[in-house]
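The chain contents come next:
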Amino acid sequence: LQRSQQLKRSAWLAPAPCRLSSGLPVNIGVLFVPQQEAWVVERMGKFHRILEPGLNFLIPLLDRIRYVQSLKEIVINVPEQSAVTLDNVTLQIDGVLYLRVMDPYKASYGVEDPEYAVTQLAQTTMRSELGKLSLDRVFRERESLNANIVDAINQASDYWGIRCLRYEIKDIHVPPRVKESMQMQVEAERRKRAMVLESEGTRESAINVAEGQKQAQILASEAEKAEQINKAAGEANAVLVKARAKAEAIQLLAAALAQQHGSAAASLSVAEQYVSAFSKLAKDSNTLLLPSNTGDVSSMVAQALGIYTSLTKPQAVKTQEEMPPAREDLQPPPAEMLKAEEASSS
């Protein structure tokens, strides 16, 4: 009686032992099953029922607890194993497997040791999946590799009442020589990227400099164009101003000549300019063209006045027709008097 009470307290308070262990709960008629556990009961060596968590009653001697299945998620370490990739590189890979018992009946009677069977299946599946990938793809496609292993395990473990939730590759060990070559490849790739980035920077710099020079030339040509346009406009305005000034001067001169004694004043001005121009001979150049009578100044002045008179005679006639008759006291001096004055001045 004391022994049965001790077993009852141990079954009630202590957690249930693992399956296939020697310490399976003893049937004492009244049993308390812990949460997230399933006890498989056999009656006279044949499967009878699965005890649910809580209070359960069994018939002593006839009923026996044969298996205890944990319904929690189980973590199993997959031992390190060697696998050959598609490009004949030998890798050492270990992983972690996450399982859960979905059907206690199948987990108890479908396979002898579910954990060992799933572990072996994970190892063989990993070898077959790694044989389909190259070394570079193994590191890039770890997620797809884990998903393929989980799918392969679930297809086989469906008959065992176990479902594989996740599989994670923990470590991948590469041979030393392959590791060195991978390091050299990584360094070469980084040097290549550095050179490419440097060349792209040089190209961008040259493009920016050329673009700046182009913009500078365009702006300089536009500035020169604007300067030439402004200069031409200024010159055109200057020519117009000069022409207008000259036209006004001619108009003023014509008006002055039309007045009384205008012809005499014009003759005197022409004579002064002639004498002044003659006095500047041989000052600017060594080549001279002199008239034949250079000593007779009065004749030269008379010749200049004659030329001016011949040019202004039609205008003078027209002006006299338009003007009223001049008074006798304002008549110009006779030609003899002018000649005497010119002789005395000379």
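Residues numbered from 1 in each chain as written. Predicted model: local features only at pLDDT ≥ 70, side-chain atom pairs only at ≥ 80, totals over all residues. Heavy atoms only, no water.

### Structural notes on a nonpolar patch on the surface
Among the surface-exposed residues, M44, I59 and L62 lie close enough to one another that they form a single nonpolar patch of about 310 Å² accessible area. Inspection of the secondary structure puts M44 in the loop between strand 2 (37–43) and strand 3 (46–51). For M44, a relative accessible area of 68% puts it in the exposed group. (Patch = residues over 30% accessible without salt bridge, like charges linked within 9 Å, V, L, I, M, F, W, Y side chains within 5 Å. Areas by Shrake-Rupley, 256 points an atom, 1.4 Å probe, with all protein chains shown as cover. Salt bridge = Lys/Arg side-chain N within 4 Å of Asp/Glu carboxyl O. Helix = DSSP H or I, 4+ residues; strand = E, 2+ residues; numbered from the N terminus. Buried < 20%, exposed > 50% of the residue type's maximum accessible area, 1.4 Å probe, protein only.)

### Overview of helix 5 (residues 142–157)
Relative to the 22 Å expected for 16 residues at 1.5 Å per residue, helix 5 spans 22 Å between its end C-alpha atoms, a close match to the ideal helical length. When we look at burial in helix 5, the residues that qualify are L145, N146, I149, V150, I153, N154 and S157. Take helix 5 and look down its axis: the buried residues cluster within an arc of 165°, on one side only. Considering only its buried residues, helix 5 is in contact with strand 7 (90–101), helix 3 (114–130) and strand 8 (162–173). (Expected span 1.5 Å × (residues − 1). Arc of directions from axis to C-beta. Contact = heavy atoms within 4.5 Å.)

### Concerning helix 3
For helix 3, which comprises 17 residues, the first-to-last C-alpha distance of 24 Å matches the rise-based estimate of 24 Å (1.5 Å per residue) to within 8%. Of the positions making up helix 3, those classed as buried are P114, A117, V118, T119, L121, A122, Q123, T125, M126, E129 and L130.

### Comments concerning the pairing of strand 1 (residues 30–33)
Burial along strand 1 is one-sided: L31 and V33 are buried, and none of V30 and F32, which face the opposite way, are. Alignment of strand 1 against strand 4 (residues 54–57), held across four bridges, turns out to be antiparallel. Its bridge partner being in strand 4, V33 is matched across the sheet by G54. (Pairing = 2+ DSSP bridges.)

### Observations regarding the sheet that holds strand 5 (residues 63–70)
The sheet built from three strands is open, its strands ordered 3-2-5 with antiparallel pairing. What marks the edges here is a single partner per strand, and that holds for strand 3 and strand 5. With direction set aside, neighbouring strand axes in the sheet form an average angle of 25°. Judged from the seven bridges that link them, strand 2 and strand 5 form a sheet pairing that is antiparallel. (Axes fitted to C-alpha atoms, helices over the stretch in contact; angles between N-to-C directions.)

### With respect to the packing of aromatic side chains
Scanning the entire structure with this criterion turns up four aromatic pairs. On the numbers, 6.0 Å between centres and 80° between planes, the contact of F47 with Y109 is edge-to-face. Of the two residues, F47 sits in strand 3 while Y109 sits in helix 2 (residues 104–109), which places them 62 residues apart along the sequence. When its relative accessible area of 33% is taken as the criterion, Y109 is described as partly exposed. With a centroid separation of 5.1 Å and 45° between ring planes, the pair formed by Y105 and Y109 is classed as tilted. Here Y105 and its partner Y109 are both found in helix 2, four residues apart, which amounts to about one turn of the helix. Here a set of aromatic residues connected by ring pairs shows up, and it is made of F47, Y67, Y105 and Y109. A cation over an aromatic ring shows up here: R66 above the ring of Y67, its NZ or CZ 4.9 Å from the ring centre. The residue whose ring lies beneath R166 is Y98, and the NZ or CZ to ring-centre distance is 4.3 Å. (Phe/Tyr/Trp six-rings, centres within 6.5 Å; stacked < 30°, edge-to-face > 60°. Lys NZ or Arg CZ within 6 Å of the ring centre and 35° of its normal.)

### A word on the pairing of strand 3
The two faces of the sheet receive side chains in turn, since in a regular strand these alternate between them. Where strand 2 and strand 3 come together, five bridges link them in antiparallel fashion. By the bridge assignment for strand 3, V41 is matched with R49.

### Considerations on the pattern of salt bridges
With the rule as written, the count across this model stands at seven salt bridges. For E129, the salt bridge goes to K132, with nearest N and O atoms at 3.8 Å. Given a relative accessible area of 13%, E129 falls into the buried group. Exposure remark for K132: the relative accessible area of 55% places this residue in the exposed category.

### Observations concerning the nonpolar core
Ranked by internal contacts, the top residues of the largest apolar core, which has 32 residues, are L97, L99, I153 and Y167. Sorting the residues of this core by element identifies strand 6 (73–84), strand 7, helix 3, helix 4 (135–140), helix 5 and strand 8 as the ones contributing at least two each. Ranked by residues supplied to this core, first place goes to helix 3 with six residues. Look past the residues within four positions of I153 in its chain and what remains in contact with it is L97, V118, L121, A122 and C164. (Core = buried A, V, L, I, M, F, W, Y, C linked by side-chain atoms within 4.5 Å.)

### Observations regarding the sheet that holds strand 8
Taking strand neighbours across the sheet as the criterion, the three strands line up as 6-7-8 in an open arrangement whose pairing is antiparallel. Either end of the sheet is taken by a strand with one partner, and the two such strands are strand 6 and strand 8. Recorded for the sheet is a direction-independent mean angle of 20° between the axes of neighbouring strands. Bridging between strand 7 and strand 8 involves ten bridges; their strand directions are antiparallel. Note on strand 8: the bridge partner recorded for Q92 is H173.

It is worth stressing that arrangement in space is one thing and function is another; only the former is reported here.
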